[in-house]
Amino acid sequence: METRHTKIGFESRVLKIVSQIPEGQTLSYKDVAVLAGSPHAYRAVGNILNKNYDLAIPCHRVIHSDGSFGGYNRGEKQKIKILKKEGVEIT
DNA sequence: CGTATGACGTGCA
DNA sequence: GTGCACGCCATAC
């Protein structure tokens, strides 16, 4: 564990976690919030991804807790296409 | 410091 | 099964 005591921006934590999501693995905003240390901040998680248009962040692997797609800076269709390509089952 | 916003989640009609 | 409203947290102004 790398010194998580340092108080960094919540977004940095979320972005880091999302950027570490393995291929074919999808996490819900809530899961990301939990991993970020704030299980009830799933609202903020979506906000951060939305404001952070970084292609280095596989935000397309982050979906709703019920399996629905959220949104994507490149287009919802693109997100679905990528997930399907990764081998993610779409309900 | 207080208000408003948002790529959510859950519950209820 | 679908749609609407409320509640939660963090950030921006």
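See the structure above.
Residues numbered from 1 in each chain as written. Chains lettered and ligands numbered in written order. Predicted model: local features only at pLDDT ≥ 70, side-chain atom pairs only at ≥ 80, totals over all residues. Heavy atoms only, no water.

Visitor: Report on the overall build of chain A, specifying residues and quantitative values.
Guide: When helices and strands are tallied, chain A shows four helices and two strands. Scanning chain A from its N terminus toward the C terminus, one meets helices and strands in the order α-β-α-α-β-α. The globule rule puts the C-alpha radius of gyration for 91 residues at 12 Å, and the 13 Å found for chain A is close to it. Projected onto its principal axes, the C-alpha positions of chain A cover 40 × 20 × 20 Å. (Helix = DSSP H or I, 4+ residues; strand = E, 2+ residues; numbered from the N terminus. Rg over C-alpha atoms; globule rule 2.2 N^0.38 Å.)

Visitor: Could you give me a rundown of the protein's contact with DNA strand B, with the residues and numbers involved?
Guide: With respect to spatial proximity, 14 residues lie near DNA strand B, and among them Arg 43, Asn 47, Asn 50, Ser 65 and Gly 71 are the closest. Sugar plus phosphate, as a fraction of atoms of DNA strand B within 4 Å of the protein: 50%. One of the side-chain nitrogen or oxygen atoms of His 64 is found 3.0 Å away from a phosphate oxygen of DNA strand B. A distance of 2.9 Å is found between a base nitrogen of DNA strand B and a backbone nitrogen or oxygen belonging to Gly 71. No other element matches the seven residues that helix α3 (residues 42-51) contributes to the surface near DNA strand B. Along the lines of polarity and charge, the residues of the surface near DNA strand B split into five nonpolar, seven polar and two charged. (Near = heavy atom within 4 Å. Polar contact = N/O pair within 3.5 Å; in protein donor to acceptor, adjacent residues only side chain to side chain. Nonpolar A, V, L, I, M, F, W, Y, C, P; charged D, E, K, R; others polar.)

Visitor: Tell me about the protein's contact with DNA strand C, and name the residues and values.
Guide: Every residue near DNA strand C is listed here: Phe 10, Ser 38, His 40, Ala 41, Arg 43, Ala 44, Asn 47 and Lys 51. If you look at DNA strand C and keep only atoms within 4 Å of the protein, 64% of those are sugar or phosphate atoms. Within the backbone of His 40, a nitrogen or oxygen atom sits 2.9 Å from a sugar or linking oxygen of DNA strand C. Here the surface near DNA strand C takes four residues from α3, the largest share from any one element.

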